[in-house]
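# Architecture at a glance
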Amino acid sequence: FASVNLLTTSKKVINMKFQEEFYNKLDKPITTWMADNAIKFLRISLGIIFFWFGFLKFFPGVSSAEGLATKTISVMTFELLQPSVSIIILAAWETLIGLGLLFNKFIREILFLLFLQMIGTMLPLFFFPAETFKMFPFVPTLEGQYIIKNLILISAGLAIGATVRGGKIVPNTN
């Protein structure tokens, strides 16, 4: 029985080494590719979202966020901007962010605009809790969920911003 156990153990060790080598041969290039491309994909994805959602705002009644956005801007500007004007400004702002990210131009300035816009995007949670929460602060409405998910957009902006001076993701291929 001892020789059978030794043989079984030897087969398991050889199999584990083979699996480890195979895994490393497959895993290292994949994680290297991810590290090389993650920020580019993140930037392009973020650009698509901003361009798309911003472009929709140029057409009255098309954007689901139009009502809450114009209401928020009215409060922020003490009703100095009419909703028909503020939505066009917001549309241009978001579209500009999207284009900057898509074409990888003026990234510092674009991220500054993005972060300013994200502050405004979060304000309805505080200005209009009855519209953004079913039960404050734990059960958001659909509008509240739409706003809260912007935390990932902020995080994406931070990750992109970390690369403007040549920073990058470096894979650990050990």
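Above: the structure in question.
The notes below deal with the structure included here. (Residues numbered from 1 in each chain as written. Predicted model: local features only at pLDDT ≥ 70, side-chain atom pairs only at ≥ 80, totals over all residues. Heavy atoms only, no water.)

### Re the environment of Gln82
Structurally, Gln82 can be placed in the loop between α2 (66–76) and α3 (83–103). In the structure, Gln82 is positioned 12 residues away from Thr70 in sequence and 8.1 Å away in space, judged by C-alpha atoms. (Helix = DSSP H or I, 4+ residues; strand = E, 2+ residues; numbered from the N terminus.)

### Here's the deal with the environment of Pro137
In this fold, Pro137 is placed in the loop between β1 (133–135) and β2 (139–140). Spatially, the C-alpha atoms of Pro137 and Ile119 are 18 Å apart, while their sequence positions differ by 18 residues.

### Describing the pattern of salt bridges
In this structure the tally under the stated criterion is 2 salt bridges. With its nearest N and O atoms 2.8 Å apart, the salt bridge here joins Glu94 to Lys57. Placement of the pair is Glu94 in helix α3 and Lys57 in the loop between α1 (2–56) and α2, with a sequence separation of 37 residues. An identical accessibility class is assigned to Glu94 and Lys57; each is buried. Its salt-bridge partner being Glu131, residue Lys71 comes within 2.1 Å of it at the nearest N-O pair. Of this pair, Lys71 sits in helix α2 while Glu131 sits in helix α6 (residues 129–132); the two residues are 60 residues apart in sequence, bridging distant segments of the chain. Classification of Glu131 as partly exposed rests on a relative accessible area of 34%. (Salt bridge = Lys/Arg side-chain N within 4 Å of Asp/Glu carboxyl O. Buried < 20%, exposed > 50% of the residue type's maximum accessible area, 1.4 Å probe, protein only.)

### Notes on a nonpolar patch on the surface
A cluster of nonpolar side chains, namely Phe18, Phe22, Leu26, Ile30, Trp33, Met34 and Phe41, defines an oily patch on the protein surface of about 780 Å² accessible area. Its place among the elements puts Ile30 in helix α1. (Patch = residues over 30% accessible without salt bridge, like charges linked within 9 Å, V, L, I, M, F, W, Y side chains within 5 Å. Areas by Shrake-Rupley, 256 points an atom, 1.4 Å probe, with all protein chains shown as cover.)

### Observations concerning the layout of surface pockets
Counted as a void, the largest pocket has a volume near 730 Å³. If you trace the largest pocket, you find 32 residues lining it, with Ala69, Leu90, Glu94, Gln117 and Thr121 closest to the centre. For the lining of the largest pocket, the elements supplying multiple residues, two or more each, are α1, α2, α3, α4 (107–122), α7 (142–148) and α8 (150–161). Considering each element in turn, the lining of the largest pocket owes the most residues, 6 residues, to α4. (1 Å grid on protein atoms, 1.4 Å probe; cavity = no way out; pocket = protein on both sides within 12 Å on 5 of 7 lines; lining within 4 Å. Points joined across faces, edges and corners; volume = space filled by probe spheres on them.)

### Here we look at α3
With 21 residues, α3 should cover 30 Å at 1.5 Å per step; its first-to-last C-alpha distance of 30 Å lies within 8% of that length. Taken together, the buried positions of α3 are Ser86, Ile87, Leu90, Ala91, Glu94, Thr95, Ile97, Gly98, Gly100 and Leu101. (Expected span 1.5 Å × (residues − 1).)

### Some points on the packing of α2 against α3
α3 packs onto α2 with a crossing angle of 105° between their chain directions and a minimal axis gap of 9 Å. Classified by the interaxial angle, the pair formed by α2 and α3 is roughly perpendicular. On α3, the residues touching Glu66, Ala69, Thr70, Ile73 and Ser74 of α2 are Pro83, Ser86, Ile87 and Leu90. (Axes fitted to C-alpha atoms, helices over the stretch in contact; angles between N-to-C directions. Parallel < 35°, antiparallel > 145°, perpendicular 65-115°, else oblique. Contact = heavy atoms within 4.5 Å.)

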